[in-house]
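Summary of the model geometry
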Amino acid sequence: MVAVIKTSSSIRGILNYNENKVEIGKAECISAVNYPLELEKLSFTLKLNRFLKLAELNTNAKRNTVHISLNFDPSENHSKEKLAEIADVYMEKLGFGRQPYLVYQHHDAGHPHCHIVTNNIQRDGKRIDLHLLGIRKSEPARKEIEEMFGLVKAEGRKQKEQFSLNPIDVGRVEYGKAESKKAINSVLKRVLFDYKYSSLPELNAVLNLYNVHADRGSEESRVFKNNGLLYKILDQNSKPIGVPIKASEFHSRPTLKFLEEKFRINETEKQYCKSRVRNALKQTLYDERMTSLERLSEKLKGEAIHTVLRQSSGGKLYGITFVDFKTHSVVNGSSLGKEFSAKGIQESFAMNILALERKYNKSNSATSEKFQNLESQEYVKENLADILLRGEKINDYVSKQFKQKKKRRLYKGI
């Protein structure tokens, strides 16, 4: 069994996500614990209000919603009663035994799993500590439950292989509004709550991987002026296709106002995630064979980090963003330090190329003489982007600059 814990400040969004699954027949609410009425008598409003009333007891708590998924091996086939019992034992061991919580059995994945919705505000207004909840309580509880119920053990399994989100198959989407909305919503409900992003470009760095794009429109458009937001499906060439959907039309209401609050919260939460990306970049760029963005991107893939290049319409690179699939965080290179910005990384490539040229052409006296001109090295750094875009070799470029400088000196003496 694998337990995944997510926290949020929006109980309505999490509850909507699960209830929408129930509406389309892909989930079933199988248990309602610590509610005054039986499950069959609970409407959406009654389920929601139970959580909201507790949340009102502590308005200082920034994150008061807990969303847990318990995931089982594909070979296991548990009844609703057994899933509810496993959920009860897990919540008791987690310290949420006296909290109201709802258990949903989902039928939309290749492995059996259930979702638990609860909050961490107790009846006396005190909050249950969520810091390192997974390590402190969830992991020991998971291992005990595996033994208690004879479940397939999760030790040694790669969690990222068990849970994946596939890009929208644009070839199969019917471009009517209803079909587009369903396809976009399947991506939004996972990305919006799972990833740490702190700007619209950072969010789109993830959404674009799944053929979805959040767009404010041009500054002169009505959408932009009214602080609106549209979600679009992208084709294989990253061009919008189908009918754009207004953010307000989705049940979770992922509007610009909603996202701006997420930006603020995520900016603080993802600070500790930056060190992993920074260390991976340091180690990668330290290798003198790292001389191109293609090589950098391929190397970082092995660290579960995706590289997103931000280029102008003319193809000029002006920014670089990294999506860390391990920590589910999105960071701009410039936020990690000057040396990890697009310009800083290109300069590292240039220095690595210079080092390789020196190493393999050391025996060539003519080449050595050219590289003795320190001015040429500085010129390379200043004009690096143009050199790389033209596809020139650094050695050829330096040679050309050396000849031009020599010619200018001859004319000067006439």
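Located above this text is the structure these notes cover.
Here we summarise the structure given alongside this text.

Each value, and the rule that gives it
- Residues numbered from 1 in each chain as written.
- Predicted model: local features only at pLDDT ≥ 70, side-chain atom pairs only at ≥ 80, totals over all residues.
- Heavy atoms only, no water.
- Core = buried A, V, L, I, M, F, W, Y, C linked by side-chain atoms within 4.5 Å.
- Buried < 20%, exposed > 50% of the residue type's maximum accessible area, 1.4 Å probe, protein only.
- Helix = DSSP H or I, 4+ residues; strand = E, 2+ residues; numbered from the N terminus.
- Contact = heavy atoms within 4.5 Å.
- Pairing = 2+ DSSP bridges.
- Axes fitted to C-alpha atoms, helices over the stretch in contact; angles between N-to-C directions.
- Arc of directions from axis to C-beta.
- Salt bridge = Lys/Arg side-chain N within 4 Å of Asp/Glu carboxyl O.

Once that is clear, we can look at the nonpolar core. If you look at soluble globular proteins, the nonpolar side chains tend to sit buried side by side. Core analysis: the biggest nonpolar cluster contains 41 residues, and L207, Y231 and L259 have the highest contact counts within it. Here this core takes seven residues from helix α6 (residues 177-194), the largest share from any one element. Once residues lying within four places of it in the same chain are set aside, the contact partners of L259 are L192, Y197, L200, L203, L229, Y231 and P254. Formed by 28 residues, the second largest nonpolar core is a distinct cluster that contains A3, L70, Y101 and V103.

Glancing now at the sheet that holds strand β4 (residues 101-106). The strand order β1-β3-β5-β4-β2 describes an open sheet built from five strands, whose pairing is antiparallel. A single partner strand is all that each edge strand has here, and the edge strands are β1 (2-8) and β2 (27-33). Across the sheet, the mean angle from the axis of one strand to that of its neighbour is 20°, orientation sign disregarded. Pairing of β1 with strand β3 (residues 65-71) involves seven bridges; the strand directions are antiparallel. Counted as the bridge partner of V4 is S69 from β3.

Below, the discussion takes up helix α11 (residues 293-301). Taken as a whole, α11 has its buried residues at L293, L296, S297 and L300. End-on, the buried residues of α11 take up no more than an arc of 95°, which puts them together on one face. Residues of α11 that are exposed and point over 90 degrees away from its buried face: E294, E298 and K299.

Turning our eyes to something else, we now look at the pattern of salt bridges. Proximity of charged atoms lets side chains of opposite charge pair with each other. In total, this model carries 14 salt bridges according to the counting rule given. In this structure, K93 engages E144 in a salt bridge whose closest nitrogen and oxygen atoms are separated by 2.7 Å. Of this pair, K93 sits in helix α3 (residues 80-94) while E144 is found in helix α4 (residues 133-149), placing the two residues 51 residues apart along the sequence. A relative accessible area of 32% means that K93 is categorised as partly exposed. Note on E144: relative accessible area 40%, which makes it partly exposed. Put simply, E202 and K270 hold a salt bridge, and the shortest N to O gap is 2.6 Å. Residue E202 is located in helix α7 (residues 200-207), and its partner K270 is located in the loop between α9 (256-269) and α10 (271-286); the two are separated by 68 residues in the primary sequence. Side by side, E202 and K270 carry an identical accessibility label, which is buried. Ionic contacts of the salt-bridge type, sharing partners, join the residues E139, R142 and E146 into one network.

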